[in-house]
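For reference, the chains in residue letters:
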Amino acid sequence: MAVRYRAKGVRGRKRRAGGVRKATAGVVKPKPRADKGPSENQIQAAYFEWATLASRKYRELLAVYHVPNGSYKSPSMRGLFKRIGQKAGVPDVHLPVARDGKSGFWIEFKSEKGRLSDIQKEWISLLESLGHVVIVSRDWMEAADATLEYLGKPKQFATGKK
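Residues numbered from 1 in each chain as written. Predicted model: local features only at pLDDT ≥ 70, side-chain atom pairs only at ≥ 80, totals over all residues. Heavy atoms only, no water.

**Q** I would appreciate a short explanation of a nonpolar patch on the surface in the present structure.
**A** A contiguous nonpolar patch, built from M77, L80 and I84 and spanning about 270 Å² of accessible area, is present on the exposed surface. Along the chain, the position of L80 falls in helix 2 (residues 75-83). (Patch = residues over 30% accessible without salt bridge, like charges linked within 9 Å, V, L, I, M, F, W, Y side chains within 5 Å. Areas by Shrake-Rupley, 256 points an atom, 1.4 Å probe, with all protein chains shown as cover. Salt bridge = Lys/Arg side-chain N within 4 Å of Asp/Glu carboxyl O. Helix = DSSP H or I, 4+ residues; strand = E, 2+ residues; numbered from the N terminus.)

Rendered as structure tokens:
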């Protein structure tokens, strides 16, 4: 059964004959990652699933959040975000909890083949000079253990990486 929509130019809908629009899923399917391992977003999502569960035991993890850099934005939205203070190169995740004389904990997630850009390296140097701990992680368990280590808690996964 066809449904008529009053709004013109509605995204995610295809025009049919007679002005009737057909609803489409609008879901962008990710490209296959054959032999490339998990993407940066998949690693980060797994880390946040862990942090949500672990926050029941370690209350400090309720404060961990994602910095919304690196996502696609239209030119007008890029301008808006720049005007309101968004900066390129800031690490992906921040835990604003002070420990052992350090001001906070940051994580930059990278895929297996991902590399730090020059601006990311500059941000990491700046944050470390200001008393923050910054790690680059390619695995959510490594990031989880580093987070627990920063908080002075026992490691959960014993990844042996820093």
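**Q** Explain the pattern of salt bridges here, please?
**A** It is possible for side chains bearing opposite charge to pair when their charged atoms get close. On inspection of all chains with the given rule, the structure shows four salt bridges. Residues E60 and R99 are paired through a salt bridge, measuring 2.5 Å at the closest nitrogen-oxygen approach. Taken together, the residues E60 in the loop between helix 1 (40-54) and strand 3 (65-66) and R99 in the loop between strand 4 (93-95) and strand 5 (104-109) connect sequence positions 39 residues apart. Looking at E60, the relative accessible area reads 19%, which means it is buried. The partner of K110 in a salt bridge is E108, with the nearest N and O atoms 3.7 Å apart. The buried category is assigned to K110, whose relative accessible area is 8%. Taking the relative accessible area as the measure of exposure, E108 reaches 1% and is therefore buried. By sharing partners, the salt bridges in this structure join E60, R99 and K153 into a single network. (Buried < 20%, exposed > 50% of the residue type's maximum accessible area, 1.4 Å probe, protein only.)

**Q** Explanation requested: the packing of aromatic side chains in the structure shown.
**A** The relation between two aromatic rings is expressed through the spacing of the ring centres and the mutual angle of the planes. The final tally for this structure, using the stated rule, is five aromatic pairs. Ring centres of W140 and F157 lie 5.1 Å apart, and the angle between their planes is 80 degrees; on these two criteria the pair is classed as edge-to-face. Pair noted here: W140 is in helix 4 (residues 140-151) and F157 is in the segment after helix 4, with a separation of 17 residues, a long-range link. Here the aromatic residues Y47, F48, W50 and F109 are joined through ring pairs into a cluster of three or more. (Phe/Tyr/Trp six-rings, centres within 6.5 Å; stacked < 30°, edge-to-face > 60°.)

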